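Residues per chain are reported as follows:
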Amino acid sequence: MHKILSTLRSILFHLSMATLDPVQEKTFLQCLATHSTPYLPIYESTYFPTNPKYNSILQSYIRNLRFNSSTTPKPLFIVAATHVSHIQASIICSKIHGIELRIRSGGHDYDGLSYVSTVPFIILDMFNMRSVSIDIGDESAWIESGATLGEVYYWIAKKSGIHGYPAGVCPSVGVGGHLSGGGYGNLMRKFGLSVDNVVDAVIVDANGRVLDREGMGEDLFWAIRGGGGASFCVVVSWKIRLVLVPEIVTVFRVEKTLEEAGFSDMVYKWQNVADKIDQDLFIRLVLNHVVRNGHNTIKAKFNALFLGSKERLIDLMNEKFSELGLGIKDCKEMSWIESVLFWTNYDPIVTSLDVLLERHSTEEKFLKRKSDYVQMPIEIQDLEGIWEKLIELKKVTLTLNPYGGKMSEISELETPFPHRSGNIYKIQYSVNWRDDSVEMEEHNLDIIRKMYDYMTPFVSKLPRCSYLNYRDVDLGINEIGNESYEEASKWGLKYFKGNFERLVEVKTKVDPTNFFRYEQSIPSLEASWKSGLMAEK
């Protein structure tokens, strides 16, 4: 494996050196200028490797340091769009010159597919297109794809103390990728996914046309709300429906360790309660190995958001989940926007809301993520086997997010995201590291895959499902330039189940030549057929 990784890095190093000569740069810039508005010159937003700002622009939104090395393939140039015409020009000129286009909003694509490719490519970076326009009277907002979730929450709170939006708990996540992959957070049991609360969008399609919901049609509007927008178009902006939240919510964070009496029983009970309890309550469970007093053990951290008072929460927990032993002192009442800070591990008492506007508030790391869905409670004896495995592997963390509530009320056909009823909770597997050596990368990828393999008997089957926004190339990838339905279905059915077929139909209709493509993009049947004919010749 070490030799394979070394060889791959050598190949990628040569790919990373691909550049345009001055004549090609000039030709491409002329094309971009021709197809964009003259009053916002696109050359001011275009960064070639010779530009002193190229590296800082490229690296600013690389959240996974695995894809920020000297061997990582680099784009021929970056268009940091500031106007919709810059997006149109990037698409048109990429088609004219046969260059692949990657689309990046927040850079949280776990396997780097939004900003890395093994063929010559450019990056269309959306971070400058980040406006958030709130209409409290209509209880809606228009949000550009380059905005972060933190910015969305901040501007909602500036307008209202009783409105929110159901999306992720990490403020630096970009809206574009989050919404197009489904989007979830600690409000999903009450209000569903982020995309369940999207009512319109503006896109640029493969022909450079700017379209809203009416213009694109219901099939494409369906596809971009959970099917991965970058397979079909560039989503410029989204119209979201705001949701009503109480003036006061309650949060708690309770930690237990394996040595405490009834630890496994407590986790088992969580499995039987978390998806069935009042939909105003979301209790996330995080499990990981820790060392306490020189001994290896397991820590269980229960993080909760309750849309109500602490008194009502205590009554509910005493009735449904008394095993946790939640006390009034564990509960903190605050506004919904302060709970956003709490869930981001800030102290809302001393932390300004301005922190939500920081796009780089956390230190980046080397990482790998995987996911699963659990449909039946894991028995206590099997949980104890999981504790042993976590202690053996040491660095893997399991984050369990409960379903039920609104999630069980929405059909799996409503959006491309199919993981609705029937799932008790979703697991995110995570591993982080700091050393950039090949050996350390190989070791950490190995341990997370071992944990994932160990969990096979306890998770969904036929297919074993995964969440698109936890991008995982271990599930399979397309062969760039020779994409096929058969290859794509290996990972596509895991992300989308039966909705994969409809996504392929939409793709074939709106992007038959497969312009919008990457390693896990929805394939076009027309392009696959033509590719097959060429291969036979």
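The rules we used
- Residues numbered from 1 in each chain as written.
- Predicted model: local features only at pLDDT ≥ 70, side-chain atom pairs only at ≥ 80, totals over all residues.
- Heavy atoms only, no water.
- Salt bridge = Lys/Arg side-chain N within 4 Å of Asp/Glu carboxyl O.
- Helix = DSSP H or I, 4+ residues; strand = E, 2+ residues; numbered from the N terminus.
- Buried < 20%, exposed > 50% of the residue type's maximum accessible area, 1.4 Å probe, protein only.
- Axes fitted to C-alpha atoms, helices over the stretch in contact; angles between N-to-C directions.
- Parallel < 35°, antiparallel > 145°, perpendicular 65-115°, else oblique.
- Left-handed = near helix turned anticlockwise from the far one by under 90°.
- Contact = heavy atoms within 4.5 Å.
- Nonpolar A, V, L, I, M, F, W, Y, C, P; charged D, E, K, R; others polar.
- Polar contact = N/O pair within 3.5 Å; in protein donor to acceptor, adjacent residues only side chain to side chain.
- Pairing = 2+ DSSP bridges.

**Here we look at the pattern of salt bridges**
For step 1, the next point in the chain: If you walk through the whole model with that rule in mind, you get 32 salt bridges.
For step 2, the next point in the chain: Among the salt bridges present, the one from glutamate 519 reaches arginine 102, with a minimum N-O distance of 2.9 Å. Remark: arginine 102 occurs in strand β3 (residues 100–104) and glutamate 519 occurs in the loop between α16 (499–510) and α17 (525–536); sequence separation between them is 417 residues. The burial state of glutamate 519 is the same as that of arginine 102; both residues are buried.
For step 3, the next point in the chain: A single network of salt bridges, built from pairs that share partners, joins Arg66, Asp111, Lys368, Lys370, Glu441, Arg449, Asp472 and Asp474.

**Details of the packing of helix α2 (residues 22–34) against helix α4 (residues 84–97)**
For step 1, the next point in the chain: In contact at an axis separation of 9 Å, α2 and α4 are set at 135° when each is read in the N-to-C sense. Compared by their axis directions, α2 and α4 come out oblique. For the element pair α2 and α4, the recorded crossing hand is right-handed. Along its contact with α2, which presents Thr27, Phe28, Cys31 and Leu32, the element α4 presents Ala89, Ser90, Cys93, Ser94, Ile96 and His97.
For step 2, the next point in the chain: Among the residues making up the contact of α2 with α4, the classes are represented as six nonpolar, four polar and no charged.

**Remarks on the packing of helix α5 (residues 149–159) against helix α12 (residues 336–343)**
Any two packed helices are characterised by the angle at which their axes cross and by the distance between the axes.
For step 1, the next point in the chain: Packing of α5 against α12 brings their axes to within 10 Å, and their N-to-C directions diverge by 155°. Comparing their axes, α12 and α5 come out roughly antiparallel. The two elements α5 and α12 meet at a crossing, and its hand is left-handed. Of α12, the residues touching α5 (which contributes Tyr153, Tyr154 and Ala157) are Trp336, Ile337 and Val340.
For step 2, the next point in the chain: Its residues assigned to classes, the contact of α5 with α12 shows six nonpolar, no polar and no charged.

**Some thoughts on the environment of glutamate 501**
For step 1, the next point in the chain: Mapping glutamate 501 onto the fold places it in helix α16.
For step 2, the next point in the chain: By relative accessible area, glutamate 501 is classed as partly exposed at 37%.
For step 3, the next point in the chain: As a C-alpha pair, glutamate 501 and tyrosine 485 span 16 residues in sequence and 9.7 Å in three-dimensional space.
For step 4, the next point in the chain: Polar side-chain contacts of glutamate 501 include one of 2.3 Å to the side chain of tyrosine 485.

**What about the sheet that holds strand β10 (residues 234–241)?**
For step 1, the next point in the chain: Overall, antiparallel pairing links the five strands, which are arranged β5-β6-β10-β8-β9 in an open sheet. Of all the strands in the sheet, the pair left with one neighbour each is β5 (132–135) and β9 (210–211).
For step 2, the next point in the chain: Of the pairings in the sheet, the one linking strand β8 (residues 198–204) to β10 comprises six bridges and is antiparallel in character. By the bridge assignment, aspartate 200 is partnered in β10 with lysine 239.

**What to know about the environment of serine 114**
For step 1, the next point in the chain: Among the secondary structure elements, serine 114 is positioned in the loop between β3 and β4 (121–125).
For step 2, the next point in the chain: Ignoring sequence-local partners within four residues, the contact set of serine 114 consists of Arg102, Ile103, Arg104 and Asp109.

**Some details on the sheet that holds strand β14 (residues 295–306)**
For step 1, the next point in the chain: Strand order across the open sheet formed by seven strands is β15-β12-β14-β13-β17-β18-β16, with antiparallel pairing between neighbours. Every interior strand has two partners, whereas the edge strands, β15 (331–334) and β16 (366–374), have only one. Adjacent strand axes in the sheet meet at a mean angle of 20°, parallel and antiparallel pairs treated alike.
For step 2, the next point in the chain: In the sheet, strand β13 (residues 281–292) pairs with β14 via twelve bridges, with the strands oriented antiparallel. Paired with leucine 281 across the two strands is phenylalanine 306, which belongs to β14.

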